[in-house]
Amino acid sequence: MAVISYTTPLSVPAARVSRRELWLLAPGVIWMMLFLVLPILMMVYVSFWTQTTFKIEPTLTLKSWATFFTSETYLSALWTTIRIWLTVLVATIVVGYPAALFVGLFVKNKTLSTGLLVLCVIPFWTSFLIRVLAWRPMLGKEGAINMILMKIGIVQHPIEVLLFSELSVIIGMTQIYCVFMVGPIAFMLGRIDPSVIEAAQDLGASFGRIFRTIILPLSMPGVVVGSIFVSVMVLGEFATSAALSGRKVNLLGNIIVTQVGSLKWAFAAVAGVVLTIIMGAVVAALLRVVDLRKEL
Amino acid sequence: MNASGIKFGLGTYTALFLVFLYGPLVVLAILSFQTGPEGGPQFPIIEWSTYWYKHLFGLTPPSRISPLPINEALFRSMALAVMTMIVSTVLGVSAAQAFRRKFKGSGFVFYLIVLGMMVPGVLVGLGMALVANSFGIDRHWWGTAFVLHVVYTFPFAFLVMLAIFNRFDPSVEEAAWSLGVSPARTFRKITFPLIFPGVLSAMLFAFTLSYDEFSRTLFASGRDLTLPLAIYGTFSVEVHPNVFAFGVLTTLFSFALLGTYAALMTLSVRRAKQMAIQEEA
């Protein structure tokens, strides 16, 4: 999927792999082939196996696929996955962009802007699962947010929809993943030559104009890179929805976990292949916009 | 341009953004000091106490709340993270070293490696479980889970080292070679000290990612729980503040790790500077 966007460097003709490079590359390449490519191929293969109640046989059939695409549960999980992915993606951009704009462009002091970025990264030193769980005492009926809202007098009764709903999953994922958006955008904004903006100012351009014609286009690669990170992570998610939705929100990841739990390997594999295809399409589409290798 | 107004607005927004980032963690830290065993994981704090911290270490009288199964899990997670750190750093350094020369198929190899951090854990975990099942391999945290942890962290180590080698001046190496120093000795004496900060970062990445990794581990680790799996187990049951106390402790551990990294980094930078001074003298 990713090979599409790769172009060989034009300047120097690529040499053949020498013996030295071969030895340096072989361990890593073999490792990835055995433990990354082979498992994925195996998943595709198993999705065509015959699943009976208690076991699975290597007789090829399309039955699991047919079951997947005719079942209400699976189709709704597919739809939920896409809906939550898009919502969280938009939410991380909306929530993260202004913060990235401030850190990357408005904070001129290098130490201060690095400090702010570090401040954004620090929460990542807490275990992912604990960060997810931390939203429970925030959003619950007796949680911190409801308590504060009732103290101030904004609401009379606790808002129940905050926890164990799709909303809580979206809030949780946005907080957990928005930093992956802020980082790349701030990085791109930090690379903008200040004299370009000064020139625009001297010519009398308003901030809105400067933002639309200079800042936004130049930060787009950051948005795309951030979107790749967020998309890949959200599409493969199952823990946040398990912890914050009270089993109400089922993503494809949750389906895989449940099916593996009941030893329905073929169904899990079908869900896995569907997820892989979606992800491949999303990443390939985003990589068409920017060349990841060039931006690193 | 009315920049100061916009700057003020964005600054305020960023402050709110940080509150959003830290809010849940602060609440969690406060609630970890809830009284026990009757105090729940919500406000108000009935009475401040360190009950749940003692509970973690089995220092409290037995109650109906079972302790987190972290003793063995902690050991396993540490061992797994160290193994992953060593292997993925070695793989990352050697692959990046190969990438210093352009060669045919470098695009393919690059994306093959980067794919490791892109494919969601639940998918490789499922694939690995299927491979293990059909080849009759037992699943263990030190086997099937370990190789997947390396698949995940090796790309990070590789990318860090690529960035380091991009800024590397090869003329010092060439000088050593032209003086007849063997390539192995050149690497040990010249290249490695120069890339050491990068190696340190790669190691830090690999260790922390593996230590916290759980979606790959879930299907691939078999019976024995690692630390994240032990926490995941609490998701399906009632949450007690002992999980919060544990969260505070693991965060402190991470900071200790970060501190060690920073100290080693400063040390190696200082040593590099000293070497430069000696050369000039």
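Here the residue index of a chain counts from 1 through its sequence in written order. Written order decides the labels, with chains lettered from A and ligands numbered from 1. Local features in a predicted model are, by the rule used here, given only for residues with pLDDT of at least 70; side-chain atom pairs are given and counted only at 80 or more, and totals for whole chains, interfaces and linings are based on all residues. Hydrogens and water molecules were not included; the side-chain quantities draw on all heavy atoms of the structure.

Note on definitions: salt bridges are taken to be side-chain nitrogens of Lys or Arg within 4 Å of carboxyl oxygens of Asp or Glu. Applying the stated criterion across every chain yields a total of 10 salt bridges over all chains. Between Glu160(A) and Lys141(A) there is a salt bridge, with the nearest N and O atoms lying 4.0 Å from each other. With Glu160(A) in the loop between helix 7 (144-152) and helix 8 (166-190) and Lys141(A) in the loop between helix 6 (135-139) and helix 7, this pair connects stretches of sequence that are 19 residues apart. The salt bridge partner of Arg76(B) is Asp224(B), with a shortest N-O separation of 4.0 Å. Of this pair, Arg76(B) sits in helix 3 (residues 71-98) while Asp224(B) sits in the loop between helix 9 (215-220) and helix 10 (227-233), and the two are 148 residues apart along the sequence. Look at Arg76(B) and you get buried, because its relative accessible area is 11%. The numbering of helices and of strands both runs from the N terminus, where a helix is a DSSP run of H or I of at least 4 residues and a strand a run of E of at least 2. Relative accessibility thresholds used throughout: buried, under 20% of the residue-type maximum; exposed, over 50%; partly exposed, between the two (1.4 Å probe, protein chains only).

Bringing the packing of aromatic side chains into the picture now. Here is the rule: rings of Phe, Tyr and Trp (six-membered ring for Trp) pair when centre to centre is within 6.5 Å. Planes less than 30 degrees apart are stacked, more than 60 are edge-to-face, and the remainder are tilted. Here the structure, examined in full by the defined rule, presents 33 aromatic pairs over all chains. Judged by centre distance (5.1 Å) and plane angle (70°), the ring pair of Phe99(B) and Phe158(B) falls under edge-to-face. Here Phe99(B) is found in the loop between helix 3 and helix 4 (106-118), whereas its partner Phe158(B) is found in helix 6 (residues 144-166), with 59 residues between them in sequence. Phe158(B) gets classed as buried once you look at its relative accessible area, which sits at 0%. Connected via pairs of aromatic rings, a cluster forms that spans Phe48(A), Trp65(A), Phe68(A), Phe69(A), Tyr74(A) and Phe267(A). The ring of Phe124(A) carries Arg131(A) above its face, with NZ or CZ at 4.5 Å from the centroid. Sitting over the face of the ring of Tyr152(B), Arg216(B) holds its NZ or CZ atom 3.9 Å from the ring centroid. By the criterion adopted, a ring carries a charge over it if an Arg CZ or a Lys NZ lies within 6 Å of its centre and within 35 degrees of its normal.

Bringing the side chain of Thr80(A) into the picture now. Following the sequence through the fold, Thr80(A) ends up in helix 3 (residues 72-106). The contact partners of Thr80(A), leaving out residues within four places of it in the chain, are Val249(A), Asn250(A) and Leu251(A). We call two residues contacting when some pair of their heavy atoms lies within 4.5 Å.

Once that is clear, we can look at the nonpolar core. Ranked by size, the top nonpolar core spans 182 residues in total, and within it Ile215(A), Ile256(A), Leu126(B) and Phe158(B) carry the most contacts. Setting aside residues no more than four positions away along its own chain, Phe158(B) makes contact with Gly92(B), Ala95(B), Ala96(B), Phe99(B), Phe110(B) and Ile113(B). Residues belong to one nonpolar core when they are buried, are Ala, Val, Leu, Ile, Met, Phe, Trp, Tyr or Cys, and are joined through side-chain atoms within 4.5 Å.

What follows concerns the confidence of the model for chain A. Predicted coordinates in areas of low pLDDT are best not read in detail. Residue and element names in this part refer to chain A. Averaged over chain A, the pLDDT score is 88; the fraction of residues at 70 or greater is 92%. What pLDDT reports is the predictor's confidence in each residue, on a scale of 0 through 100. Within chain A, no element has a lower average pLDDT than helix 14 (residues 292-295), which sits at 62, and none a higher one than helix 3, at 95. Residue range residues 1-12 is modelled with pLDDT below 50. Its contacts to residues more than four positions away, or to other chains, number 18 contacts.

It is worth spelling out the packing of helix 1 (residues 19-46) of chain A against helix 3 of chain B at this point. The convention used is that axes are lines fitted to C-alpha atoms, helices contributing only their stretch in contact, and that angles between N-to-C directions extend from 0 to 180 degrees. Packing of helix 1 of chain A against helix 3 of chain B brings their axes to within 8 Å, and their N-to-C directions diverge by 135°. Classed by the angle they form, the pair helix 1 of chain A and helix 3 of chain B counts as oblique. Both helix 1 of chain A and helix 3 of chain B take part in a crossing whose hand is left-handed. Across the interface between the two elements, Arg20(A), Glu21(A), Leu24(A), Leu25(A), Pro27(A), Gly28(A) and Trp31(A) from helix 1 of chain A touch Val87(B), Leu91(B), Ser94(B), Ala95(B), Gln97(B) and Ala98(B) from helix 3 of chain B. Here the residues of the contact of helix 1 of chain A with helix 3 of chain B are counted per class, giving eight nonpolar, three polar and two charged. Any angle between 65 and 115 degrees counts as roughly perpendicular, while under 35 counts as roughly parallel, over 145 as roughly antiparallel, and the rest as oblique. What makes a crossing left-handed is the near helix being turned counterclockwise from the far one by less than a right angle; a clockwise turn instead makes it right-handed. Note on residue classes: Ala, Val, Leu, Ile, Met, Phe, Trp, Tyr, Cys and Pro are nonpolar, Asp, Glu, Lys and Arg are charged, and everything else, Gly too, is polar.

To continue, consider helix 2 (residues 63-70) of chain A. Structural remark: α-helix, 3.6 residues per turn; residues separated by three or four positions point the same way. All names here are of chain A. Within helix 2 the residues assigned to the buried category are Ser64, Trp65 and Phe68. Here the buried residues of helix 2 occupy an arc of 100° about the axis, which is enough to place them on one side. Those residues of helix 2 that are exposed and angled more than 90 degrees off the buried face are Lys63 and Thr70. Buried residues along helix 2 sit against strand 1 (50-51), helix 3, helix 12 (252-261) and helix 13 (265-289). The arc in question is the one spanned by the directions pointing from the helix axis to the C-beta atoms.

So, about the packing of helix 9 (residues 194-202) of chain A against helix 10 (residues 207-235) of chain A. All names here are of chain A. Between helix 9 and helix 10, the least distance of the axes is 11 Å, while the angle of their chain directions is 155°. As the angle between them shows, helix 9 and helix 10 are arranged roughly antiparallel. Between helix 9 and helix 10 lies a crossing whose hand is right-handed. Where helix 9 abuts helix 10, its residues Val196, Ile197, Ala200 and Gln201 lie against Ile210, Ile214 and Ile215. Considering only residue class, the contact of helix 9 with helix 10 consists of six nonpolar, one polar and no charged.

Time to look at a nonpolar patch on the surface. Like charges within 9 Å and nonpolar side chains (Val, Leu, Ile, Met, Phe, Trp, Tyr) within 5 Å are joined into patches, using only residues over 30% in relative accessible area that form no salt bridge. All accessible areas in this document rest on Shrake-Rupley with a 1.4 Å probe, and a residue is counted as covered only by the protein chains that are shown. A surface patch of nonpolar side chains, amounting to about 460 Å² of accessible area, comprises Ile30(A), Leu34(A), Leu38(A), Phe135(B) and Ile137(B). The greatest single-element share of the nonpolar patch, amounting to three residues, is contributed by helix 1 of chain A. Among the secondary structure elements, Leu38(A) is positioned in helix 1.

On to the interface of chain B and chain A, then. Contacts between the two partners involve 90 residues from chain B and, on the opposite side, 92 residues from chain A. Buried area between chain B and chain A, both sides added, is near 8,300 Å², and the carbon and sulfur share of it is 81%. Across the contact surface, chain B and chain A share one salt bridge. Among the salt bridges present, the one from Glu21(A) reaches Arg101(B), with a minimum N-O distance of 3.3 Å. With 18 residues, the top contributor of residues to the side of chain B that touches chain A is helix 1 (residues 3-31) of chain B. In terms of residue class, the side of chain B that touches chain A is made up of 64 nonpolar, 20 polar and six charged. Here the quantity called buried area is the accessible surface, traced with a 1.4 Å probe, that two parts lose on coming together, added over both.

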